[in-house]
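Residue-level structure breakdown
Single-letter residue listing:
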Amino acid sequence: MVTFEKVRPVPVSLQPVLSMKGISKTFTGTTVLKNVNIDLYPGEVHALMGENGAGKSTLMKILSGVYAPDQEGGTIRYKGEHVQWKDPLLARKAGIGVIHQELNLSPNLSISENILMGTKYPRNKLGGVRWDEVHRMAEEVLVSMGSDLQPEQLVSTLSVAQQQMVEIARALSYKAEVLIMDEPTASLTDKEIDGLFSIINDLRKHGVAIVYISHRMEEIFKIADRYTVLRDGEWIRSGPIQETNPEHLVSLMVGRDLKDLFKRKGSLYKREDDHPALEVKGLSDSTFVEDLSFSIYPGEIVGFAGLVGAGRTELVRSLFGVSSMTKGEVWVQGEKVDIRSPIDAIKYGVALVPESRKDQGLFLDMSVKENILLAEMKAFKKIMKLNWKEFNRSADNYIRDLRIKTASPAQPISGLSGGNQQKAVIARWLSTNPKVLLLDEPTRGVDIGAKSEIHKIISELADAGLAVLMISSELPEVLGVSDRIFVMHEGRITGHLQREEASQEKIMHYATGGN
Amino acid sequence: MKSALSPNHQPNSQPTPPQGMKFGQNVTLVWNQLGMILILILLCIVMSFVAPNFLDGSNLTNILKQVSVTAILAAGMTIVILTGGIDLSVGSIVALSGVVSVMASQAGVHPVLAMLAGVGAGYLVGFINGVFTAKAGLPAFIVTLASMTYVRGLAYVSSGGYPVVLESNTFRFIGSGSILGIPTPIYLMALVYLVMFYVLKYTMFGRHIYAIGGNAEAARLTGIKVKKTLVNVYSISGLLAGLGGVVLAGRLYSGQPTAGNMYELDAIAAVILGGSKLTGGVGKIQGTIIGVLIMGVITNGLTLMDVSYYSQLVVKGGVILAAVLIDRVRS
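This write-up is about the structure you can find in this document.

The rules behind these values
Residues numbered from 1 in each chain as written. Chains lettered and ligands numbered in written order. Predicted model: local features only at pLDDT ≥ 70, side-chain atom pairs only at ≥ 80, totals over all residues. Heavy atoms only, no water. Pairing = 2+ DSSP bridges. Helix = DSSP H or I, 4+ residues; strand = E, 2+ residues; numbered from the N terminus. Axes fitted to C-alpha atoms, helices over the stretch in contact; angles between N-to-C directions. Contact = heavy atoms within 4.5 Å. Salt bridge = Lys/Arg side-chain N within 4 Å of Asp/Glu carboxyl O. Buried < 20%, exposed > 50% of the residue type's maximum accessible area, 1.4 Å probe, protein only.

1. Describing the sheet that holds strand S12 (residues 292-296) of chain A
Paired through backbone hydrogen bonds, the strands of a sheet run either parallel or antiparallel to each other. Residues and elements named next belong to chain A. One open sheet holds the 4 strands; their spatial order is S12-S11-S14-S15, and the pairing between them is antiparallel. The open sheet is flanked by S12 and strand S15 (335-337), the only strands paired with a single partner. The sheet shows a mean angle of 20° between the axes of neighbouring strands, taken without regard to direction. Direction of pairing for strand S11 (residues 278-285) relative to S12: antiparallel, over a ladder of 4 bridges. When the sheet's bridge partners are listed, Leu283 is paired in S12 with Leu292. Seen against the sheet, helix H9 (residues 312-319) touches S11, S12 and strand S14 (325-332) and runs at an angle of roughly 115° to S11.

Now the structure itself:
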């Protein structure tokens with residue numbers, strides 16, 4: 001791994017380029033931000049930290065002109081002047097750049113157009129766009145950040161990391177002096193992260209102030225100069241990164257010690273007693289998953305670690321019948337099965353909690369209870385209608401058992417926090433009475449408190465006899481919850497670790513292709 | 001559970017408590033519940049002043065009778081739009097169903113069977129729409145645009161381009177008869193809406209429609225038979241359009257290949273006026289009937305005021321824009 005020499009700015013001797021004081025924001029009676037302060041100095045990477053819902057994104061939206069603070073709700077000074085941007089475009093013109101977690105690019109346009117979008121393109125005499133000039137301008141920006149991307153290339157042909165480069169290039173093209181990066185590494189590999197960090201270092205040298213939002217502690221300590229922690233919409237603390245450590249930051253974020261991060265005690269089941277609940281022999285699929293063999297026993301949680309793109313999601317998708325496998329055999333409870341669709345999978349007792357809750361899991365406009373029982377509605381079918389009395393009773397049971405916090409079972413699920421939404425999706429799969437539970441990043445986008453509650457639920461499910469396959473890109477989660485760990489790299493299993501011998505270092509070794 | 005993490009460590013898990021609701025929020029709440037009903041009532045009040053005899057009992061019955069065909073189409077359109085789709089073929093199906101059923105009746109088929117033939121023709125077209133949309137994965141807009149065209153063509157071809165006269169009195173009864181002084185189409189319309197209300201609210205099929213429209217990918221991963229449900233949805237839309245065609249033929253005493261022209265647009269407008277979202281997942285059948293009535297009241301009122309058909313179109317288009325705009329502004 002590359003290490004970076006940090007160019008430490010000396011903030012005391014400088015004026016902040018941007019300073020937000022006493023920012024408050026209320027949405028229809030709910031206070032989201034209370035009196036928050038943040039100062040950004042030129043050439044610093046400022047980590048903005050907090051649990052989900054702590055107010056980070058609202059603060060950044062105020063900074064970038066999407067929202068206005070409340071009346072009397074604080075002031076923003078930018079380059080010594082009092083500012084109040086009415087819309088994001090004005091903020092952008094003034095030099096506030098934002099790189100969102102979900103990239104905002106037009107896939108069917110060229111890199112140049114994406115970089116220069118929203119500016120006036122150079123024209124020829126007839127008023128037509130001078131494409132050679134457009135590409136040249138884009139190339140200039142790309143070269144300045146050491147990227148060798150071709151400006152004519154379509155964005156749809158780029159990897160996520162390359163797309164991020166384009167986003168950064170766009171921010172640079174309008175000379176951003178403050179750059180907000182929201183979870184920029186969420187879908188990058190380690191190598192790509194290194195590339196991103198060297199660009200950030202470059203930007204830092206050029207005096208750009210960077211707000212860096214990330215949940216990954218390791219990165220924060222690698223790249224940030226200072227930090228600010230928010231909790232429940234309040235400013236908790238700011239300071240230089242050298243004067244803190246991960247445990248301290250976490251305790252600031254959650255307001256409690258994180259000794260109680262969930263730690264599973266190990267499987268209650270003896271493996272020799274039983275047949276595997278899931279056995280996979282030589283599975284390959286049409287993408288790049290190749291020759292995977294493993295088995296999972298009842299009562300056991302098997303973690304699948306690896307980098308993003310290692311083929312873990314593809315694996316569970318073909319086990320669940322979403323994508324098709326080209327070779328290999330799958331056995332569920334000693335029976336060879338041929339799963340071609342999610343309907344087949346459910347029939348054989350296989351359940352999948354998918355990677356993206358919003359896109360693949362939730363029915364946001366529907367009630368909590370329907371979200372929970374949608375997969376098993378036929379169990380409540382009477383001749384022509386549904387037995388709603390039984391339905392409601394069953395939903396109540398799940399809400400209670402999984403400790404889902406909702407005002408009422410009939411409330412739309414969109415009103416729940418991420419953690420509770422995730423519990424509802426897990427409940428949906430429990431309702432199908434599965435033997436094998438596949439979890440793809442079960443706690444992504446869930447705040448720390450809810451995280452360990454979900455870990456506990458997973459552990460309880462295994463103790464009740466379920467075989468659990470859990471994909472997770474967060475090593476502490478894999479280490480804390482799994483009984484055994486498989487590590488994947490580029491579509492193959494490269495490592496198999498028992499919980500006692502597993503460590504972050506060993507997993508990373510296998511995940512990066514070591515053997 | 002003896003969790004070390006007590007529940008109150010989770011922010012945002014509880015929605016805003018209802019206490020301390022402001023006046024503005026109450027208004028919003030009332031609006032969400034009543035919204036378009038208020039517009040309908042307002043429209044009726046205006047019409048009762050400017051249009052002569054608007055409030056007469058016979059006129060009100062007349063409005064219901066006039067909207068019945070569009071209403072039946074709009075009921076089918078509602079479930080299609082709830083899944084995030086669209087069905088442009090219903091107007092043409094009205095024509096085909098009318099022609100087919102009247103021709104069957106003229107050929108000596110029992111009137112009830114003849115009517116069923118019309119409904120069946122509609123079902124068949126809907127089924128084909130469904131297969132191309134759900135199974136072949138083509139966009140519903142294109143698929144039903146095509147069937148709108150070929151079905152209209154079939155109506156012309158089978159009738160030779162001329163209206164087919166309907167002689168059976170039993171058949172005429174479905175469009176022009178009345179029971180206890182109330183026209184038959186109104187009963188049919190009421191029946192369609194009651195059944196649809198029940199289906200959408202209380203059956204698995206209905207709930208799956210909402211699920212698919214809300215998030216098709218999640219529905220598939222949840223093991224919902226998405227394709228089968230979609231085929232059924234389009235088939236039902238076709239079937240109801242077929243029913244609408246039979247009713248219209250019974251009212252016109254003929255099957256006309258030009259019948260039902262642009263009815264699909266009236267049906268879509270009614271559904272949208274009724275608060276459904278074109279993106280799917282959101283909407284209610286109760287809303288659709290309100291939308292239908294808004295359109296019906298405008299047409300009726302303007303006719304009573306002797307406004308020409310051409311001008312009526314201008315007003316109707318304007319009202320649709322205004323109503324949807326008001327609806328957007330509030331949210």
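There's more to say after this.
2. Brief notes about unusual backbone geometry
At A:Glu441, a residue that is not glycine, the phi angle is positive and equals roughly 50°. Residue position: A:Glu441 is located in the loop between strand S17 (436-440) and helix H15 (448-463). Of note, B:Tyr253 is a non-glycine position whose phi angle comes to about 60°, a positive value. Examined against the element boundaries, B:Tyr253 turns out to sit in the loop between helix H10 (226-252) and strand S4 (254-255).

3. Description of the pattern of salt bridges
Opposite charge on two side chains permits them to pair, given that their charged atoms come into close proximity. Residues and elements named next belong to chain A. Inspection of the entire model under this criterion finds 26 salt bridges over all chains. A salt bridge links Glu300 to Arg484, with the shortest nitrogen-to-oxygen separation between them at 2.8 Å. With Glu300 in the loop between S12 and strand S13 (301-306) and Arg484 in strand S19 (residues 484-489), this pair connects stretches of sequence that are 184 residues apart. Accessibility assignment for this pair places Glu300 and Arg484 in one class, buried. Put simply, Lys347 and Asp344 hold a salt bridge, and the shortest N to O gap is 3.9 Å. With a gap of 3 residues between them, Lys347 and Asp344 both fall in helix H10 (residues 342-347), about one helical turn apart. Residue classification places Lys347 among the exposed positions, given a relative accessible area of 62%.

4. Digging into the sheet that holds S17(A)
Residue and element names in this part refer to chain A. With mixed pairing, the 6 strands of this open sheet are ordered in space as S16-S17-S18-S13-S19-S20. Here the strands that pair on one side only, and so sit at the sheet edges, are strand S16 (350-353) and strand S20 (492-498). Adjacent strand axes in the sheet meet at a mean angle of 20° when their direction is disregarded. Inspection of the sheet shows S17 paired to strand S18 (residues 467-471) by 5 bridges, in the parallel sense. Opposite Leu437, over in S18, you have Val468 as the bridge partner.

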